[in-house]
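Structure assessment
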Amino acid sequence: MATVEDSGLLETSLDYLIEFRDPINYQIVLSNKFYENCSFDFFSGNDPLFREFHFSLPPGSYVGSVDIFDRKSGRSFLTPFTYECRDIEKGVWISDIVLLQEREGAIDPQPLVGNIVGGIADRIQFRSHIYGQRDELLTIRANLYRQQRPHPVQNNRELLKVNQYTTAVQPNKIIELKDGIAQFSCATDLSKLKQGTYLLKIFLYRHDSLIAEKNTSFVLPWKRLKEVFLDLEMSISQMAHIASFAFIDALINVKEEEIQIAKFIEFWQERADPDLEEVLDPLERYYSRIFYANDLFLEPNQEGWKTNRGRVLTLYGFPNNRFNRQWNGNIYKVWSYHDRGLEFLFRFESGRWKLIYPINKN
């Protein structure tokens, strides 16, 4: 992973491979390779991660991919997508939607690759180009939907509504197609969006008639490492699954803020494998699970991370396999961790999921 020094300077080297293929026989129609040696100042106010690529393709449908290899970290990012190239004289259409993260004071910046919006970002911006007749006035509307999570219930109907979306953002704009093209963009603060699965739909209207639309989906994971430090006392108290109460009390009672932060970071740095991960990966992994537990496993009068399922998720992550069973009038959940040789059994009682027992196959 590219790193940022205290000065805000990011330096890395990237290899790009961009390909377009015929969706029927999957033969390559266009392939382009190039190399970029990157040096960005994240504190300059400019956006260093947005790249525009221009290619000439005959009209038609394509399967495209952008393969980025980071020479410094040894990591590779592959973004597949579908693309339709049309003749501008034959109608009006919306280009593919570009998702762009905007950052200030990044701790650990990551490029936006695929449909995962991650890293430490302040805003996410949506960009598309609108093509049509010269000087035409059109109305564009963008809806951003978030997948609706089920609320805690006392029966096995909790999975209902899981695929429903609620509207999160709804901007409307009048655009003028000067020279037959215009750029549409809108942005929203990530602080206003919870983690989850999102669907962005863009609609184009001529008068009151819908003439074109485009959509894309993306996942917004737990995203604010800096929020751990905004309420450090609460974050320290959430270490209860992995640290002793004596250690937690002692750390909370440290009066000097700088010393408290240093001891907090040191605790997590000691749990990182220097050969496999960055020093703060265990911290981010643990607190991302805390956030997911709070989102998924809320129970009456109890935060998600404090529940039995929340504790198992925080310690072991998401299970390799999970399923429900109903027996003798009771509802059970089984979580299997094949890579750890562990299974956990939960039973629904009095509005809560009680941990019956873990099964250690080792």
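Only a predicted model underlies this, so the values are computations on that prediction, with no experimental measurement involved. (Residues numbered from 1 in each chain as written. Predicted model: local features only at pLDDT ≥ 70, side-chain atom pairs only at ≥ 80, totals over all residues. Heavy atoms only, no water.)

Consecutive side chains of a regular strand alternate in pointing toward one face of the sheet and then the other. The pairing of strand E14 (residues 321–327) with strand E15 (residues 330–337) spans seven bridges and is classified as antiparallel. Across the sheet, the residue bridging to Asn321 is Ser336, located in E15. In textbook terms, the turn of a hairpin is the stretch between consecutive antiparallel strands, and for E14 and E15 this stretch comprises two residues, one of which, Asn328, has a positive phi near 55 degrees. (Pairing = 2+ DSSP bridges. Helix = DSSP H or I, 4+ residues; strand = E, 2+ residues; numbered from the N terminus.)

Our next topic: the pattern of salt bridges. All chains considered together, the criterion is met by ten salt bridges. For the salt bridge of Lys214 with Asp96, the shortest nitrogen-to-oxygen distance reads 3.1 Å. Separated by 118 residues along the polypeptide, Lys214 in strand E13 (residues 209–220) and Asp96 in the loop between strand E5 (93–94) and strand E6 (98–102) bring together distant segments of the chain. A residue is classified by how much of its surface remains accessible, and Lys214, at 23% relative accessible area, is partly exposed. Residue Glu299 is joined to Arg352 by a salt bridge in which the shortest nitrogen-to-oxygen separation is 3.7 Å. Taken as a pair, Glu299 in the loop between helix H5 (281–296) and helix H6 (308–316) and Arg352 in strand E17 (residues 352–360) lie far apart in primary sequence, 53 residues in all. The exposure class assigned to Glu299 is buried, which follows from its relative accessible area of 4%. Look at the salt bridges and you will find they share partners, linking Glu299, Arg309 and Arg352 into a network. (Salt bridge = Lys/Arg side-chain N within 4 Å of Asp/Glu carboxyl O. Buried < 20%, exposed > 50% of the residue type's maximum accessible area, 1.4 Å probe, protein only.)

Attention shifts here to the pairing of strand E16 (residues 342–349). With respect to burial, E16 is a largely interior element, six of its eight residues being buried. Two elements, E15 and E16, share six bridges in a ladder whose sense is antiparallel. Directly across from Tyr337, in E16, lies its bridge partner Leu342. Between the end of E15 and the start of E16, which pair antiparallel, lie four residues, with Gly341 showing a positive phi angle near 70 degrees.

Considering all chains together, one arrives at 17 aromatic pairs under this definition. Taken together, a centroid distance of 6.3 Å and an interplanar angle of 85 degrees make the contact between Phe20 and Tyr62 edge-to-face. Here Tyr62 lies in strand E3 (residues 60–70) and Phe20 lies in strand E1 (residues 9–21), a separation of 42 residues in the sequence. Taken as a pair, Phe20 and Tyr62 share a single burial class, namely buried. The positively charged end of Arg271 is found above the aromatic ring belonging to Phe267, 3.6 Å away from the centroid. Cation over ring: Lys333 sits above Trp353, and NZ or CZ is 4.9 Å from the ring centre. (Phe/Tyr/Trp six-rings, centres within 6.5 Å; stacked < 30°, edge-to-face > 60°. Lys NZ or Arg CZ within 6 Å of the ring centre and 35° of its normal.)

Take unusual backbone geometry next. A negative phi holds for most residues other than glycine; trans holds for most peptide bonds. The phi dihedral of Asp135 falls on the positive side, at around 65 degrees, and the residue is not glycine. With respect to the secondary-structure elements, Asp135 resides in the loop between strand E7 (123–131) and strand E8 (136–147).

Contact pair H5 / H6: the axes reach a minimum separation of 8 Å and the direction vectors enclose 155 degrees. By the criterion of interaxial angle, the relationship of H5 to H6 is roughly antiparallel. Considering the relative orientation of H5 and H6, their crossing is right-handed. Between H5 and H6, the residues in contact are Tyr286, Arg289, Ile290, Tyr292 and Ala293 and Gly310, Leu313, Thr314, Leu315 and Tyr316, respectively. A breakdown of the residues in the contact of H5 with H6 according to their chemical character gives seven nonpolar, two polar and one charged. (Axes fitted to C-alpha atoms, helices over the stretch in contact; angles between N-to-C directions. Parallel < 35°, antiparallel > 145°, perpendicular 65-115°, else oblique. Left-handed = near helix turned anticlockwise from the far one by under 90°. Contact = heavy atoms within 4.5 Å. Nonpolar A, V, L, I, M, F, W, Y, C, P; charged D, E, K, R; others polar.)

Our next topic: the nonpolar core. Of all hydrophobic cores here, the largest spans 30 residues; its most connected members are Met239, Phe264, Trp268, Tyr287, Trp335 and Phe344. For this core, the secondary-structure elements that each account for two or more residues are helix H2 (232–237), helix H3 (245–252), helix H4 (257–269), H5, H6, E15, E16 and E17. If you tally residues by element for this core, the top one is H5, at six residues. Contact partners of Phe264, with chain neighbours within four places excluded, come to Val228, Phe229, Leu232, Ser235, Ile236, Met239, Leu251, Leu283 and Tyr287. Membership of the second largest hydrophobic core comes to 25 residues, among which are Ile124, Ile175, Leu177 and Phe184. (Core = buried A, V, L, I, M, F, W, Y, C linked by side-chain atoms within 4.5 Å.)

Before going further, it helps to examine the confidence of the model for the protein chain. Here the protein chain shows a mean pLDDT of 77. Residues at 70 or above account for 76%. Averaged pLDDT values for the elements of the protein chain fall to 53 in strand E9 (residues 165–169) and rise to 96 in H3. Counting interchain partners and residues more than four positions distant, the pLDDT-below-50 stretch residues 1–7 has 24 contacts. Contacts of residues 105–114 to residues separated by more than four positions or lying in other chains number 32 contacts, the stretch itself having pLDDT below 50. (pLDDT = per-residue confidence, 0-100.)

So, about H4. Taking 1.5 Å per residue, 13 residues should reach 18 Å; H4 reaches 18 Å between its end C-alpha atoms and fits that length. Of the positions making up H4, those classed as buried are Gln260, Phe264, Phe267 and Trp268. Down the axis, H4 shows its buried residues gathered within 95 degrees of arc, on one side only. (Expected span 1.5 Å × (residues − 1). Arc of directions from axis to C-beta.)

Here we take up the environment of Tyr357. For Tyr357, the position within the fold is in strand E17. A residue is classified by how much of its surface remains accessible, and Tyr357, at 40% relative accessible area, is partly exposed. Along the backbone, Tyr357 and Leu345 are twelve residues apart, and their C-alpha atoms lie at a distance of 5.7 Å. When neighbours within four sequence positions are excluded, Tyr357 is seen to be in contact with Glu343, Phe344 and Leu345.

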